[in-house]
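Here is what each chain is made of, one letter per residue.
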Number of protein chains: 2
Amino acid sequence: MKIVIIGAVAGGTSAAAKARRNDEDAEIKIYDMDYDISYSGCGLPYYIGEEIQDRDELTPRNAAFFKKKYNVDVFRRHEVLKINTENKVLTIKNLDTDDVFDESYDKLVIATGAKPIVPNIEGAEKSNVFYLRNVRQADKIKEYILSHKPKSAVIVGTGFIGLEMTENLKKLGIEVTLVERLNQVTPGLDSDMAAYVEKYLKSKDINLILGDSVAALKGETLVNEVALESGKVLNTDFVIMSIGVKTNTELARNAGIDLGAKGSIRVNTKMMTNIEDIYACGDCTESFSVINKKPLYRPLGSTANKMGRIAGDQLTGGNLEFRGILGTGIFKVFDMAVAQTGLTEKEAQSEGFDTVVCHNIKPDKPAYYHGKEMVIKAVADKNTGKLLGVQIVGYTGVDKRIDVFVTAITFGAKAEDLFHLDLAYAPPFSTTKDPVMYTGMILDNAINRGRELITPKELNGLRKAGNDVTVIDTRVSRQYEEAHVENAINIPHAQVRNKIDELDKEKVVVTYCNKGVTGNAVQNILINNGFKKVYNISGGHKNYKAQTK
Amino acid sequence: MKIVIIGAVAGGTSAAAKARRNDEDAEIKIYDMDYDISYSGCGLPYYIGEEIQDRDELTPRNAAFFKKKYNVDVFRRHEVLKINTENKVLTIKNLDTDDVFDESYDKLVIATGAKPIVPNIEGAEKSNVFYLRNVRQADKIKEYILSHKPKSAVIVGTGFIGLEMTENLKKLGIEVTLVERLNQVTPGLDSDMAAYVEKYLKSKDINLILGDSVAALKGETLVNEVALESGKVLNTDFVIMSIGVKTNTELARNAGIDLGAKGSIRVNTKMMTNIEDIYACGDCTESFSVINKKPLYRPLGSTANKMGRIAGDQLTGGNLEFRGILGTGIFKVFDMAVAQTGLTEKEAQSEGFDTVVCHNIKPDKPAYYHGKEMVIKAVADKNTGKLLGVQIVGYTGVDKRIDVFVTAITFGAKAEDLFHLDLAYAPPFSTTKDPVMYTGMILDNAINRGRELITPKELNGLRKAGNDVTVIDTRVSRQYEEAHVENAINIPHAQVRNKIDELDKEKVVVTYCNKGVTGNAVQNILINNGFKKVYNISGGHKNYKAQTK
């Protein structure tokens, strides 16, 4: 049997390695257009920021490695021009010699990945406009920084790469301006969570321009001005374009292979395309959601590896099947960690779920063990109580909590299940009740025990719609006087029991404190005293304040 | 309704707070013998080691707090002498005034906790023999250190407290000798995992005495010699006894309440004892295993909190029920983190499971992001493929992985499920495939795909039983020559395909490399070439070497 794989980064090499583990005899060949193979795409920003000192760390496995360890032949700088699916032959061009030749296959794996989107604007191809996807592109950025000693950069796009590059350029002493088309950073987050990232970026002296796009990149040989749609003009020494990627699927499409979400190759759970003996994996391939089974395109190294391993297993008679993804993502920007999994509130609502959300603000460890506060926004389905998605913004311990949520959601956890988890507790690692447990408790109280939450946005909506709402600030007077929710009255927790008779039990009441705990305590007191409708502000005044720009 | 609670640390105060959240009208009183209430028992070693500077951080909530916030009356220094279950009356003694009085209850919660075991040996009560359970005991240790400036300490017992105190005393410049009755440290781990902790402790200049017990504590007024059963005598400036705890359940037993594991109070999932209207929670209370539903006594602050909350909910008409524990534990000793959940291999075998184990040695992050290696020992049930328990020894990221395992095991995960988790990946947080996923892959390969593992102990057993085994060291010759498994032959991975004909396919073959990956690759090659029985050493030469004392 002869297995040919197109693409030698995460998906393709994983498929090859797994196929060889299962089958000693198969002939396995990989063709790739690039100079570098099997590189860590996610490490590129850290190579530029000099966290990674040695370029070889990005490409620990070369063609010789694959030959020696896996008896796999890897051909770099080879472009597959055409797939002839009838007689199972590829037409391939050697990019160094321009030779064109044919190569037959019994089974074919398409792992052609994705490429950065190049916008159709003036100057997009100039030599100091960079797109970061492979090692050569990272080299170019490094070389430019070394030779030109730039003082400023404009980064367009605020996804993972945009924000990781922000940190890494800033560390090199370069002033960074971020331009984002949306009215928020980090498109994968709900806007109320993005607000925390925005405040943090500003505190790090990042110039943040939201709701604006690049109209043109101007300059003689090099770009030195970025003209925005708003008319604003930014002076800059170079530009990094990180506005997303586009699948490399022209080859597949021309061969009659079905495409799906965002032009990615449609596969079944065995990573098989619609054409027999042709598989696909990695960033060129469609995925689907664990939650609602709908198609999803979320290109990531971890998913590419997973798909590749499954394809390699299936190629060689194995029974591994792809189970979908939650679309989990995490990134670090300076000391902040931002993570999300499953559906955002916005996505869940557009999928038709009746959502309950909470903003749980808790330290990851006790203060004496240097605990730092994180904000966990969790989204659950009101009808089933099931968790739909989680977003976390914090500093330390964010990755732990998101992975626990990932695992819980994968197994169909309800909000009420989280409190019961026997998570590992000791002061250097967590609080007695872990933030994950609190999140479940808050949601459970909202869904099943009548302790409803209201988000700052919902409160504003309620008031704008003309509802008469009593808002009670339950904090001590000093805190109330510093800053409070518009038109809130101040009744500190300790005084509530004495002042109940002054309040109208028929009116909608909204309670809040700093983060939600005392607000909830007062909500309990009011409900237990016969108040008809009492909401507690999700995330309290901290979250309310974070939403004001 | 009048709720009376005996005990005001984790369980009792949690019960009170939850009861009040549900019910504004109930009268709630708590009686406790101690001076300090609601303290963080788990923080005590860090208070002694001066990680916690301010004593108030250990006791953030005093009686006034409970009155103000929860309208709960807390009485310190009050001992409940007797429970009269017939007429629902307690006999209580004020320890400051010696007054004795009666107190009635409608519902009673027993949260009397546990106390350190004091061995029945000469000198056990001397003033420089310390038992660490409450804040006053921590104060005494601090005072002794301040006034006597001790240079050396003997710590007896190597559980959480023993090892946490080891770190904290060492940080104060005190030489520590650890004495442990068993032939391993950390009784909650299998001995092969404890071996890693032992090597680390030795590297930190801790004098470690295993398999020996204290016979007597000698000295005039203060202990200055510890005489061991072996005849060995240790000179020391003071002693910390941390050989476990004993439930405070005489009061309950005298009232006719049923006791269970290790004398703890038996309760149902509603935290109700056998006597109507009497509940129990916290360290005096029996728990049960999530895995096999059997009774389990594992006193921990996190579980006490959980039980207290459930008791408080049930007292006031709620429907929360206890779902059991996995017996999860974690501790830090210097820079090492040690965690475990579920059943150890030894426990699983004594429960009658047909076990499969793996030792997965992986960094928590890429090397360029300061990743540090951890050893994950996972135990699964061969028949169902379900995970039974996990032990991890490492440095960073251990807490994250144990919590993901806890969540997976809680939901009944099979080993094969772990690979499919969409865990959060970015270089500052993890490797492309997380160590948790690799653990699942290794176990799945062993259980379902014929890639069997053999532990160093099993290999030694096989050989001792006279089996003729070919052991192949698959590493490069230089590594083989440095050190190798007894009687192993050296066939580096890259040469295996050429040397297959020299090997006997009918004989049992054992492969290994440094950590297991290359050993598995060679195992694959041999199996794919028709070898009948091939094992790979679990955790490779690293794990083999760690087992030699």
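Along each chain, residues carry numbers from 1 onward, in the same order as the chain's sequence is written. Chain letters and ligand numbers both follow the written order, the letters beginning at A and the numbers at 1. Local features in a predicted model are, by the rule used here, given only for residues with pLDDT of at least 70; side-chain atom pairs are given and counted only at 80 or more, and totals for whole chains, interfaces and linings are based on all residues. Side-chain numbers here rest on the full set of heavy atoms in the structure, without hydrogens or water.

A. Inspection of the relation of the copies chain B and chain A at higher detail. Of the transformation placing chain B onto chain A, the axial shift is 0.0 Å and the rotation is 180°, giving an RMSD of 0.0 Å. What we have between these two chains is a two-fold relation. Any two residues having at least one pair of non-hydrogen atoms within 4.5 Å are treated as being in contact. Taken as a fraction of all interface residues of chain B, those also at the interface in chain A reach 99%, which identifies the copy contact as same-surface. Here the copies were fitted onto each other by least squares, based on C-alpha atoms from residues at pLDDT of at least 70 in both.

B. Fine view of the interface of chain B and chain A. Counting residues at the interface gives 83 residues for chain B and 83 residues for chain A. In this description, buried area is defined as the sum, over both parts, of the accessible area (probe of 1.4 Å) that is lost when the two are combined. Of all residues in chain B, B:Tyr368, B:His420 and B:Asp422 give up the largest surface area on contact with chain A, accounting jointly for 10% of the area buried on that side. Note on definitions: salt bridges are taken to be side-chain nitrogens of Lys or Arg within 4 Å of carboxyl oxygens of Asp or Glu. Applying the counting rule to chain B against chain A returns 10 salt bridges. Between A:Asp403 and B:Lys400 there is a salt bridge, with the nearest N and O atoms lying 3.8 Å from each other. Of all elements in the fold, only helix 1 (10-22), helix 3 (63-70), helix 8 (301-315), strand 21 (329-333), helix 10 (398-410), helix 11 (435-448), helix 14 (493-499) and helix 15 (517-528) of chain B reach the threshold of two or more residues within the side of chain B that touches chain A. The numbering of helices and of strands both runs from the N terminus, where a helix is a DSSP run of H or I of at least 4 residues and a strand a run of E of at least 2.

C. Spatial organisation of the packing of helix 1 (residues 10-22) of chain A against helix 15 of chain B. The angle between two axes is taken between their N-to-C directions and runs from 0 to 180 degrees, where each axis is a line fitted to C-alpha atoms and a helix contributes only its stretch in contact. Following both chains from N to C, one finds helix 1 of chain A and helix 15 of chain B inclined at 45°, their axes separated by 8 Å at the closest point. In terms of their interaxial angle, helix 1 of chain A and helix 15 of chain B are classed as oblique. Note on element contacts: helix 15 of chain B touches helix 1 of chain A through B:Asn520, B:Asn524 and B:Asn528, opposite A:Arg20, A:Arg21 and A:Asn22. In this classification, the charged set is Asp, Glu, Lys and Arg, the nonpolar set is Ala, Val, Leu, Ile, Met, Phe, Trp, Tyr, Cys and Pro, and all remaining amino acids, among them Gly, are polar. For the contact of helix 1 of chain A with helix 15 of chain B, the per-class residue count stands at no nonpolar, four polar and two charged. Oblique is the label for any angle not under 35 degrees, not over 145, and not in the 65 to 115 range, which are roughly parallel, roughly antiparallel and roughly perpendicular in turn.

D. Structural context of the side chain of A:His359. All names here are of chain A. Mapped onto the elements of the fold, His-359 is located in strand 23 (residues 355-363). Between N or O atoms, a polar contact is any pair within 3.5 Å; within protein, one atom must be a potential hydrogen donor and the other a potential acceptor, and residues adjacent in sequence are included only when both atoms are from side chains. Side chain to side chain, His-359 and Asp-192 meet in a polar contact 2.8 Å long. What His-359 contacts, discounting residues up to four positions off in sequence, is Asp-192, Met-193, Ile-376, Lys-377, Thr-455, Lys-515, Ser-538, Gly-539 and Asn-543.

E. Region of interest: the domain arrangement of chain A. Residue and element names in this part refer to chain A. Domains are outlined according to an automatic or database domain assignment. Parsing chain A into structural domains produces domain 1 (2-41 + 53-113 + 246-315), domain 2 (129-243), domain 3 (335-448) and domain 4 (453-546). Relative placement of domain 1 and domain 2: their C-alpha centres are 31 Å apart. Each partner contributes residues to the interface: domain 1 has nine residues there, and domain 2 has six residues. Overall, the association of domain 1 and domain 2 removes approximately 700 Å² of surface from exposure, summing both partners, and the carbon and sulfur fraction of that is 52%. For the pair domain 1 and domain 2, the interface holds three salt bridges. Residue Arg-136 is joined to Asp-36 by a salt bridge in which the shortest nitrogen-to-oxygen separation is 3.5 Å. Our enumeration of links across domain 1 and domain 2 arrives at four residue pairs in polar contact (both at pLDDT 80 or more). In the side of domain 1 that touches domain 2, the residues fall into four nonpolar, one polar and four charged.

F. Layout of the sheet that holds strand 2 (residues 27-31) of chain B. Residue and element names in this part refer to chain B. Strand pairing is defined by DSSP finding a minimum of two bridges between the two strands. With parallel pairing, five strands are arranged side by side in an open sheet as 3-2-1-7-18. The sheet terminates laterally at strand 3 (73-75) and strand 18 (278-280), the two strands that pair on one side only. Adjacent strand axes in the sheet meet at a mean angle of 20° when their direction is disregarded. In this structure, strand 7 (residues 107-110) lies alongside strand 18, joined through three bridges in parallel fashion. Bridge pairing links Leu-108 to Ile-278 in strand 18. Helix-sheet contacts for helix 1 involve strand 1 (2-6), strand 2 and strand 7, and the interaxial angle to strand 2 is about 175°.

G. Structural context of the pattern of salt bridges. The final tally for this structure, using the stated rule, is 73 salt bridges over all chains. The residue B:Lys170 makes a salt bridge to B:Glu175 at a minimum N-O spacing of 3.3 Å. By sharing partners, the salt bridges in this structure join A:Lys2, A:Glu27, A:Lys29 and A:Glu103 into a single network.

H. Quick look at the environment of B:Val469. All names here are of chain B. Mapped onto the fold, Val-469 is located in strand 27 (residues 469-473). A relative accessible area of 11% places Val-469 in the buried class. Along the backbone, Val-469 and Ala-252 are 217 residues apart, and their C-alpha atoms lie at a distance of 58 Å. The residues contacting Val-469, other than those within four sequence positions of it, are Leu-459, Leu-462, Lys-507, Val-508 and Val-510. Exposure classes here rest on a 1.4 Å probe applied to the protein chains alone. A residue is buried below 20% of its type maximum, exposed above 50%, and partly exposed in between.

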